[in-house]
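Here are the chains, one letter per residue:
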Amino acid sequence: MRTSFFLLFVFFGLPVLGQNTSESRLNKFLQKKANKMELIGMQASFVTDTYIWQRNYGIKEYKNEDPVDSNTLFMIASCSKPVTALGILKLQEAGELGLDDPINNYLPFHVANPNFPDEVITIRMLLTHTSSIRDNWEILTPLYTLPEGGDSPLPLTKFLPEYLVEGGELYNREENFWKDKPESLFQYCNVGYALLGLIIEEITAKAFKEFIEEEIFVPLGMEQAYWFLADIPHRNIARPHEMPNKHTDFKEPKVLNHYGYPDYPDGQIRTTTADYSRFIQLFLNDGMVNGKQFLSKTSIDDFLKVQYPNKFKYQAIAWNYNEFDNWIYYLLMPRLPSHTGADPGVATVVSFDPENKIGAIIFTNSPPQGFINQKRFYQEVLKRLLKEAKRQVKKKTTM
């Protein structure tokens, strides 16, 4: 089976746009790296302010020779967070909220860290992972619908008060909150982004998915982007895979069910690298979309600005300039606004350079195993995509 699996990488790296010699070499490079990483399927793009390049590798499901194509959806996990953040920035521009407003101004229940009940938690703190709310994985992991598959039946209005309000079935005073007061500690928090989703619902009186579709997906031309499995009108979706390694008791990739979770505004978008590239172009074009100002340059600049430079010197709104948290990595790579995504059977990464107007995106349905393969995925492939994007910009300026 391994032979035919690798042959699929060779024959199904299909172009979305025409390719020149340089892009042909890039395609061969990506095929080679995907083979070495033993990925099941992968999509990769580089993007400039005016150009999107996408290629597809491998198959959607192990032992099923249906190839990944340009319309295959990948679950992108936490790379969804910047989309949720954009929804908040759109509401700020509409005058519906302020980033330094207390979240309790907008919620139908009261949220406070029980260790600091009088300390205000703001929207900006949720956006920058400084709210002191904690992801309690003993509670969150069992809420994934992995065993049965499908979307989570728990709405935000049910899940969040149960998790954050004393007396709730999912409430744990010790494990759902940090013992540091709000804005004093940076700790990555998924539940904070779920709260942002609920704030959007409370302000707009619309379902979160409906607001994001109307205000972001449609205007940006993201025609293949969905929050829920039930809304996808086809089955061209890459299945997630758990991969064998020295710590597992299985030798072949495990095909997982398509799944969901109740804190979905922090992850769960299924889309393509080409569609996500349109989202990145918003930042490369100073907020312009199709010649119109979709988000003001002031808001774009604030989005990309480190929010607490004296405390947390790398965290912007959603994006982080230290996403890979390794000084050796940054000896070889530029420090750019970036995000990664990791969920069962899923690995994603996006990084972009607003000044040079370039970006790179990689989605896979089989997380790379081991240090060498992770280096290939998060560094070598990403670096090569950014290099080709820069070449494309240079070619455009010399035409």
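Residues numbered from 1 in each chain as written. Predicted model: local features only at pLDDT ≥ 70, side-chain atom pairs only at ≥ 80, totals over all residues. Heavy atoms only, no water.

**Section: the overall build of the chain**
Threshold: Counting from the N terminus, the helices are DSSP H or I runs at least four residues long and the strands are E runs at least two residues long. Here the globule rule is a power law, 2.2 Å times the number of residues to the power 0.38, and the radius of gyration is based on C-alpha atoms. Here's how the labels work: a residue is buried when its accessible area is under 20% of the maximum for its type, exposed when over 50%, partly exposed in between, all with a 1.4 Å probe on protein chains only. Working rule for contacts: check all heavy atoms of both residues, and any pair within 4.5 Å makes them a contact.
Scanning the chain from N- to C-terminus turns up 12 helices and 13 strands. The C-alpha atoms of the chain give 21 Å as radius of gyration, which agrees with the globular expectation for 399 residues (21 Å, within 12%). Taken over the C-alpha atoms alone, the chain extends approximately 60 × 55 × 45 Å along its principal axes. Put simply, the chain has 399 residues, and 58% of those count as buried. In the chain, 70% of the contacts between residues at least 6 apart in sequence involve partners at least 24 apart.

**Looking at the pairing of strand 1 (residues 41-48)**
Our working definition: Paired strands are those between which DSSP finds at least two bridges.
The buried fraction of strand 1 amounts to eight of the eight residues, a majority that puts the element mostly inside the structure. Side chains Gly41, Gln43, Ser45 and Val47 of strand 1 all project onto a buried face; the interleaved residues Met42, Ala44, Phe46 and Thr48 project onto the opposite face, where all are buried too. With seven bridges connecting them, strand 1 and strand 2 (residues 52-61) associate as antiparallel partners. Within strand 2, the residue paired with Gly41 across the bridge is Gly58. The turn joining strand 1 and strand 2, which pair antiparallel and follow one another in sequence, is formed by three residues.

**Comments concerning the nonpolar core**
Applicable threshold: In these notes, a set of buried Ala, Val, Leu, Ile, Met, Phe, Trp, Tyr and Cys residues joined through side-chain atoms within 4.5 Å is what counts as a nonpolar core.
Of all hydrophobic cores here, the largest spans 82 residues; its most connected members are Ile123, Ile133, Leu160, Tyr276, Phe279, Ile280 and Trp319. In terms of residues, this core owes the most to one element, helix 7 (residues 190-204), which gives eight residues. Counting residues in each nonpolar core, the second largest holds 30 residues, with Phe46, Val349, Ala389 and Val393 among its members.

**A look at helix 7**
In an α-helix, one full turn covers 3.6 residues, which means residues spaced three or four apart are oriented alike. The criterion, for reference: A helix's residues, less one, multiplied by 1.5 Å, set its expected span.
In this model, helix 7 (15 residues) spans 22 Å end to end at C-alpha, consistent with the 21 Å of a helix rising 1.5 Å per residue. Of all 15 residues making up helix 7, 13 are buried, and the element is well covered by its neighbours. In the stretch just after helix 7, Ala205 is the one whose phi turns positive, near 55°.

**Details of the packing of aromatic side chains**
Counted only if it meets this: Each aromatic pair joins two rings of Phe, Tyr and Trp (for Trp, the six-membered one) with centres within 6.5 Å, and gets the label stacked for planes under 30 degrees apart, edge-to-face for over 60, and tilted for any other angle. Whether a charge sits over a ring depends on NZ of Lys or CZ of Arg being within 6 Å of the ring centre and within 35 degrees of the ring normal.
Enumeration over the complete set of coordinates arrives at 26 aromatic pairs. Plain terms: the ring middles of Phe74 and Phe363 are 6.5 Å apart, the flat faces sit at 45° to each other, and that makes the pair tilted. With Phe74 in strand 4 (residues 74-75) and Phe363 in strand 13 (residues 358-364), this pair connects stretches of sequence that are 289 residues apart. When sorted by exposure, Phe74 lands in the same class as Phe363, which is buried. Ring pairing ties together the aromatic residues Phe74, Tyr276, Phe279, Phe283, Phe303, Trp319, Phe352 and Phe363, which thus form one cluster. Positioned above the aromatic ring of Tyr193 is the side chain of Lys81, whose terminal nitrogen or guanidinium carbon lies 5.9 Å from the ring centre. The cationic tip of Lys90 hangs over the ring face of Phe294; the distance from NZ or CZ to the ring centre is 3.9 Å.

**Regarding the environment of Glu23**
As a reminder of what qualifies: Polar contact criterion, stated in full: a pair of N or O atoms within 3.5 Å, where within protein one must be able to donate a hydrogen and the other to accept it, and residues adjacent in sequence count only if both atoms are side-chain atoms.
Mapped onto the elements of the fold, Glu23 is located in helix 2 (residues 21-37). The class for Glu23 is buried, based on a relative accessible area of 0%. Separated by 369 residues in sequence, Glu23 and Gln392 place their C-alpha atoms 9.5 Å apart. Only 2.8 Å separates the side chain of Glu23 from the side chain of Tyr51, close enough to count as a polar contact.

**Re the environment of Leu89**
Checked against the element boundaries, Leu89 lands in helix 3 (residues 81-93). The spatial distance from the C-alpha of Leu89 to the C-alpha of Tyr259 is 28 Å, given a sequence separation of 170 residues. Residues within four places of Leu89 in sequence aside, it is in contact with Leu295, Ser299, Phe303 and Ile317.

**Here we look at the pairing of strand 11 (residues 338-343)**
Side-chain direction in a regular strand flips from residue to residue, so the side chains alternate between the two faces of the sheet. Buried residues dominate strand 11, accounting for five of its six residues. Across six bridges, the pairing between strand 11 and strand 12 (residues 346-353) is antiparallel. By the bridge assignment, His339 is partnered in strand 12 with Val350. Connecting the antiparallel pair strand 11 and strand 12 is a turn made up of two residues, with Gly345 showing a positive phi of about 75°.

**Observations regarding the side chain of Asn320**
Note on placement: Asn320 falls in the loop between helix 10 (297-304) and helix 11 (329-332). Looking at Asn320, the relative accessible area reads 8%, which means it is buried. Within the structure, the side chain of Asn320 is placed 2.5 Å from the backbone nitrogen of Asn322, a separation counted as a polar contact. A distance of 3.4 Å separates the side chain of Asn320 from the backbone nitrogen of Glu323, its partner in a polar contact. If sequence neighbours within four positions are ignored, Asn320 has contacts with Phe186, Tyr314, Gln315, Leu336, Pro337 and Ser338.

**Side note on the packing of helix 3 against helix 9 (residues 273-284)**
Put simply, the rule reads: Axes here mean lines fitted to C-alpha atoms, for a helix over just the part in contact, with angles spanning 0 to 180 degrees between N-to-C directions. Here is the rule for angles: anything less than 35 degrees is roughly parallel, anything more than 145 is roughly antiparallel, 65 through 115 is roughly perpendicular, and the remaining ranges are oblique. Helix crossings fall into two classes, left-handed where the near helix is turned counterclockwise from the far one by less than a right angle and right-handed where it is turned clockwise. For this classification, Asp, Glu, Lys and Arg are treated as charged, while Ala, Val, Leu, Ile, Met, Phe, Trp, Tyr, Cys and Pro are nonpolar and the rest, including Gly, are polar.
Here helix 3 crosses helix 9 at 50°, and the two axes come no closer than 12 Å. As the angle between them shows, helix 3 and helix 9 are arranged oblique. In this structure, helix 3 meets helix 9 at a crossing whose hand is left-handed. For the pair helix 3 and helix 9, contact is made by Pro82, Val83 and Leu86 and by Tyr276, Phe279 and Leu282, respectively. Partitioning the contact of helix 3 with helix 9 into residue classes produces six nonpolar, no polar and no charged.

**What to know about the pattern of salt bridges**
Basically, it comes down to this: Here, a salt bridge means any side-chain nitrogen of Lys or Arg that lies within 4 Å of a carboxyl oxygen of Asp or Glu.
The tally for this structure, following the rule as stated, stands at 16 salt bridges. Glu252 is paired through a salt bridge with Lys63; the nearest N and O atoms lie 3.2 Å apart. In this pair, Glu252 is assigned in the loop between strand 6 (241-242) and strand 7 (254-255) and Lys63 in the loop between strand 2 and strand 3 (64-67), connecting sequence segments 189 residues apart. Given the relative accessible area of 41%, Glu252 is considered partly exposed.

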